[in-house]
Amino acid sequence: MSSKENHIVLTSEDLSIGYAKSDKQTIIANGLNFKLQKGQLVGLVGGNGIGKSTLLRSLSKIQPQLSGKIYINSSELSQLSNEDLAKSLSIVLTEPLQSKHLTVFELVALGRHPYTNWIGKLNDTDIEKINEALRVTNILDLATKVCAELSDGQLQKVMIARALAQDTDLIILDEPTTHLDMYHKAYILKLLQKLAHDTGKTILFSSHEIDLAIQLCDQMIVMSKNDCAFGSPCELIEQGVFEQLFPKDLIAFNKDTGSFKVNK
Ligand SMILES: Nc1ncnc2c1ncn2[C@@H]1O[C@H](COP(=O)(O)OP(=O)(O)OP(=O)(O)O)[C@@H](O)[C@H]1O
């Protein structure tokens with residue numbers, strides 16, 4: 001294994017994802033091949049219903065893949081125990097938060113569950129990790145606030161802090177910028193970029209903010225009907241990948257600006 005290979009945190013090898021019900025298999029996407037490196041921000045984009053959530057759920061063992069292999073570091077995902085998985089991967093989904101009655105500190109503390117005993121007693125290291133997660137996401141001042149009283153933007157930062165407190169090599173987020181205004185969409189994605197680069201964690205997120213992802217990501221996974229492209233935003237622009245994403249009647253991708261524009 002080369003030294004570069006040592007820094008691969010997630011590998012998808014000839015992966016096929018979808019849904020299996022009794023004798024019927026629905027393939028959502030197949031032939032998915034990519035390797036995510038340590039310390040990189042990776043954006044997953046594609047049109048509505050193309051399979052982004054299905055892919056993220058498969059990569060985090062919430063649903064089984066149809067075929068192919070997924071490795072986290074050098075371990076095959078299907079072989080990882082739930083405990084080892086929780087120490088390798090944290091996930092932030094779009095589902096509404098069930099524990100809104102908790103304070104911000106208590107919610108972020110839930111990220112320490114793979115390390116605490118069954119009653120969830122926090123030791124000094126746990127408290128240090130929680131405070132560090134609150135600090136780097138700029139929410140120390142919200143620590144005692146009840147989650148139900150937070151704005152969507154604040155809550156998103158809390159969810160990211162919880163994932164950071166879990167202290168895993170890989171963080172996966174499904175549409176972390178939903179419901180946020182333009183400023184906060186850019187704020188959250190810039191924060192994810194900084195966290196990936198400063199902490200060395202690999203952060204994979206899905207988003208419909210393609211323009212922002214092009215500006216901020218180190219690598220992107222672009223899912224379209226017949227293909228799944230993987231590379232740096234520049235490489236993907238050069239390959240004309242974004243032009244293929246949507247029907248051309250309404251919007252067109254401008255290679256020079258790296259953004260979409262409505263046809264007048
Ligand atoms: N539980 C399920 N059983 C069967 N098919 C499903 C299930 N969940 C989703 N699908 C189908 O899988 C396909 C991909 O859905 P998915 O939610 O992964 O797309 P997406 O890219 O995340 O979409 P969006 O951007 O709209 O959130 C869709 O055709 C959807 O109807």
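The protein chain is annotated in an unreviewed UniProt entry as ABC transporter ATP-binding protein from Winogradskyella maritima. Its UniProt record gives the protein chain a comment under Subcellular location (unreviewed entry), which states: "Cell membrane".

The next thing to look at is the overall build of the protein chain. Each helix and strand counted, the protein chain has 9 helices and 12 strands in total. What you see for the protein chain is a C-alpha radius of gyration of 19 Å, in line with the 18 Å of a compact globule of 264 residues. Seen along its three principal axes, the alpha-carbon backbone of the protein chain occupies a region of about 55 × 45 × 40 Å. Counting the 264 residues in the protein chain, one finds 36% classified as buried. In the protein chain, of all internal contacts separated by at least 6 residues, the share reaching a separation of at least 24 is 66%.

All right, on to the sheet that holds strand β8 (residues 202-206) then. Ordered in space as β6-β7-β8-β3-β9-β10, the 6 strands form an open sheet in which the pairing is mixed. Taken across any chain shown, the strands that pair with only one partner, and hence form the sheet edges, are β6 (89-92) and β10 (227-231). Geometrically, the sheet is characterised by an average inter-axis angle of 15° between neighbouring strands, direction not taken into account. Relative to β8, strand β7 (residues 170-174) is paired through 5 bridges, and the arrangement is parallel. The residue bridging L173 from the neighbouring strand is F205, located in β8. Each of β3 (41-45), β7, β8 and β9 (219-224) touches helix α2 (residues 52-59); the most contacted strand, β7, lies at about 150° to it. Contacts from helix α7 (residues 182-199) reach β3 and β8 within the one sheet, and its direction differs from that of β8 by about 155°.

Right, let's get into the site of the ligand. Residues in close proximity to the ligand include Y19, T26, I28, G46, N48, G49, I50, G51, K52, S53 and T54, which together make up its full environment. Those elements giving two or more residues to the shell around the ligand turn out to be β2 (24-37) and α2. Class assignment of the residues belonging to the shell around the ligand gives a composition of 3 nonpolar, 7 polar and 1 charged.

Turning our eyes to something else, we now look at helix α6 (residues 152-165). Between its terminal C-alpha atoms α6 stretches 20 Å, which fits the 20 Å expected from 14 residues at 1.5 Å a residue. By the criterion of burial, α6 is predominantly enclosed, with 11 of the 14 residues buried. Every buried residue of α6 is listed here: L155, Q156, K157, V158, M159, I160, A161, R162, A163, L164 and A165. Buried-residue contacts for α6 involve β6, α4 (104-109), α5 (124-136), β7 and α7.

Moving on to the pairing of β3. Across the 5 residues of β3, 5 count as buried, placing the element largely inside the fold. Of the two faces of β3, the one carrying L41, G43 and V45 and the one carrying V42 and L44 are both buried. In the sheet, β3 pairs with β8 via 4 bridges, with the strands oriented parallel. By the bridge assignment, V42 is partnered in β8 with L204. Of the strand pairs in this sheet, β3 and β9 are connected by 4 bridges, and their pairing is parallel. Bridge pairing in β9 places G43 opposite M220.

A few words on the nonpolar core. Core analysis: the biggest nonpolar cluster contains 64 residues, and V108, V158, A161, I172, I203 and I221 have the highest contact counts within it. Not counting the four nearest positions on each side in its chain, I221 is found in contact with F34, V42, L44, C228 and F230.

Attention shifts here to the UniProt feature "domain: ABC transporter" (unreviewed entry) in the protein chain. Taking the numbering used here, the UniProt-annotated feature "domain: ABC transporter" (unreviewed entry) corresponds to residues 10-250. As annotated, residues 10-250 comprises 33% helix and 27% strand, and the C-alpha atoms at either end are separated by 36 Å.

Here β9 lies mainly inside the structure; 5 of its 6 residues are buried. Looking at chain direction, β9 and β10 are connected through 5 bridges and run antiparallel. Opposite M223, over in β10, you have C228 as the bridge partner. From the end of β9 to the start of β10, which pair antiparallel, there are 2 residues.

This part is about the sheet that holds strand β4 (residues 67-72). Strand order across the open sheet formed by 4 strands is β2-β1-β4-β5, with antiparallel pairing between neighbours. At either margin of the open sheet sits one strand with a lone partner, and together these are β2 and β5 (75-76). Across the sheet, α2 touches β1 (8-21), β2 and β4, and the angle it forms with β1 is around 115°.

Within α2, 6 of the 8 residues are buried, which leaves the element mostly enclosed by the surrounding structure. K61 sits one or two residues past α2 and shows a positive phi near 65°.

So, how was this worked out
Residues numbered from 1 in each chain as written. Predicted model: local features only at pLDDT ≥ 70, side-chain atom pairs only at ≥ 80, totals over all residues. UniProt positions renumbered as here; feature names shortened; annotations may be inferred. Helix = DSSP H or I, 4+ residues; strand = E, 2+ residues; numbered from the N terminus. Rg over C-alpha atoms; globule rule 2.2 N^0.38 Å. Buried ≥ 20, exposed ≤ 12 C-beta atoms within 10 Å, placed from the backbone. Contact = placed C-beta atoms within 7 Å. Pairing = 2+ DSSP bridges. Axes fitted to C-alpha atoms, helices over the stretch in contact; angles between N-to-C directions. Near = placed C-beta within 6 Å. Nonpolar A, V, L, I, M, F, W, Y, C, P; charged D, E, K, R; others polar. Expected span 1.5 Å × (residues − 1). Core = buried A, V, L, I, M, F, W, Y, C linked by C-beta atoms within 7 Å.

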